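Architecture at a glance
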Amino acid sequence: MEQNVKQANVHPLTRQLTMCALLAALGTVLGILSIPLPAVSAAGYSLKIGITVLPVILAAALYGPAYGGIVGMVADLLPALLFPKGPWIPWFTLIGALFGVIPGLFFQRGQAITWKRLFFAIAAGQIFCSVLCNTLLLMAMYGLPYQIVYVRLLNQAIMIPVYTAAVYGTIKLLKRGGFV
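This text gives an overview of the structure that appears in the document. What you see is a predicted model, and the numbers here were worked out from it, not measured in a lab.

A count of helices and strands for the protein chain gives seven helices and two strands. The secondary structure elements of the protein chain, listed N-terminal to C-terminal, are α-α-β-β-α-α-α-α-α. Sequence separation of at least 24 residues holds for 67% of the intrachain contacts in the protein chain that already meet a minimum separation of 6. As displayed, the protein chain has an accessible area near 10200 Å², and 72% of this comes from carbon and sulfur atoms.

Glancing now at the packing of aromatic side chains. Under the defined criterion, the tally for this structure stands at three aromatic pairs. Ring centres of Trp115 and Tyr168 lie 4.5 Å apart, and the angle between their planes is 35°; this geometry places the pair in the tilted category. One end of the pair, Trp115, is in helix α6 (residues 115-142); the other, Tyr168, is in helix α7 (residues 148-176), and 53 residues separate them in sequence. By relative accessible area, which is 15% here, Tyr168 ends up buried.

Moving on, we come to helix α2 (residues 12-32). Taking 1.5 Å per residue, 21 residues should reach 30 Å; α2 reaches 30 Å between its end C-alpha atoms and fits that length. Here the buried face of α2 lies against α3 (53-63), α4 (65-82) and α7.

Close contact between α4 and helix α5 (residues 90-105) brings their axes to 7 Å; oriented N to C, the two are set at 150°. Put simply, α4 runs roughly antiparallel to α5. Judged by the sense of rotation from one axis to the other, the crossing of α4 with α5 is right-handed. Here Pro65, Gly68, Gly69, Gly72, Met73, Asp76 and Leu77 of α4 come into contact with α5, specifically with Phe92, Thr93, Gly96, Ala97, Gly100, Val101, Gly104 and Leu105.

Another point: the side chain of Gln126. Locating Gln126 in the fold gives a position in helix α6. Judged by relative accessible area, which is 3%, Gln126 ranks as buried.

Quick look at a nonpolar patch on the surface now. Together, Val29, Ile32, Leu33, Leu78, Leu81, Leu82 and Phe83 make up an exposed nonpolar region whose accessible area comes to about 650 Å². For the nonpolar patch, the secondary structure elements donating two or more residues are α2 and α4. Positionally, Phe83 belongs in the loop between α4 and α5.

Conventions we followed
- Residues numbered from 1 in each chain as written.
- Predicted model: local features only at pLDDT ≥ 70, side-chain atom pairs only at ≥ 80, totals over all residues.
- Heavy atoms only, no water.
- Helix = DSSP H or I, 4+ residues; strand = E, 2+ residues; numbered from the N terminus.
- Contact = heavy atoms within 4.5 Å.
- Areas by Shrake-Rupley, 256 points an atom, 1.4 Å probe, with all protein chains shown as cover.
- Phe/Tyr/Trp six-rings, centres within 6.5 Å; stacked < 30°, edge-to-face > 60°.
- Buried < 20%, exposed > 50% of the residue type's maximum accessible area, 1.4 Å probe, protein only.
- Expected span 1.5 Å × (residues − 1).
- Axes fitted to C-alpha atoms, helices over the stretch in contact; angles between N-to-C directions.
- Parallel < 35°, antiparallel > 145°, perpendicular 65-115°, else oblique.
- Left-handed = near helix turned anticlockwise from the far one by under 90°.
- Patch = residues over 30% accessible without salt bridge, like charges linked within 9 Å, V, L, I, M, F, W, Y side chains within 5 Å.
- Salt bridge = Lys/Arg side-chain N within 4 Å of Asp/Glu carboxyl O.

In structure tokens:
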């Protein structure tokens, strides 16, 4: 009871900003913990296995495209600044923001977060950002063959349902705990 009274005194905008800051921090940590696979080109590009996008999608679904985009941008930018593994490329940060903006567009008018809507929101964001934009950028930068798109499509065919289940479950837990 006492906990509910304290939460009622917190301004909703303060709660949103705090939650987005926590999600951006979580995205930063998850970005640092991504696992690189062996290089697939002479330029040294390697695929990374990670779940950095989960906090970004969560912010987008809960608070809309603006918050999702900011969390995506911060979650991409901070690991690049804190633990650089090469030059910072602003295009990747822009795409990182789009990872939050695109799914957020599905929830910008306060639509209910259902499995179906969340699945299509995540699929749209992942296919546009990961499969299309990131692949084109990597092909241009590292001279990768266009066949890399097949690997990235297969990856997303597996990860989109995983992301959907993880985000949906997390939202249900956050709502049950009274955090959102």
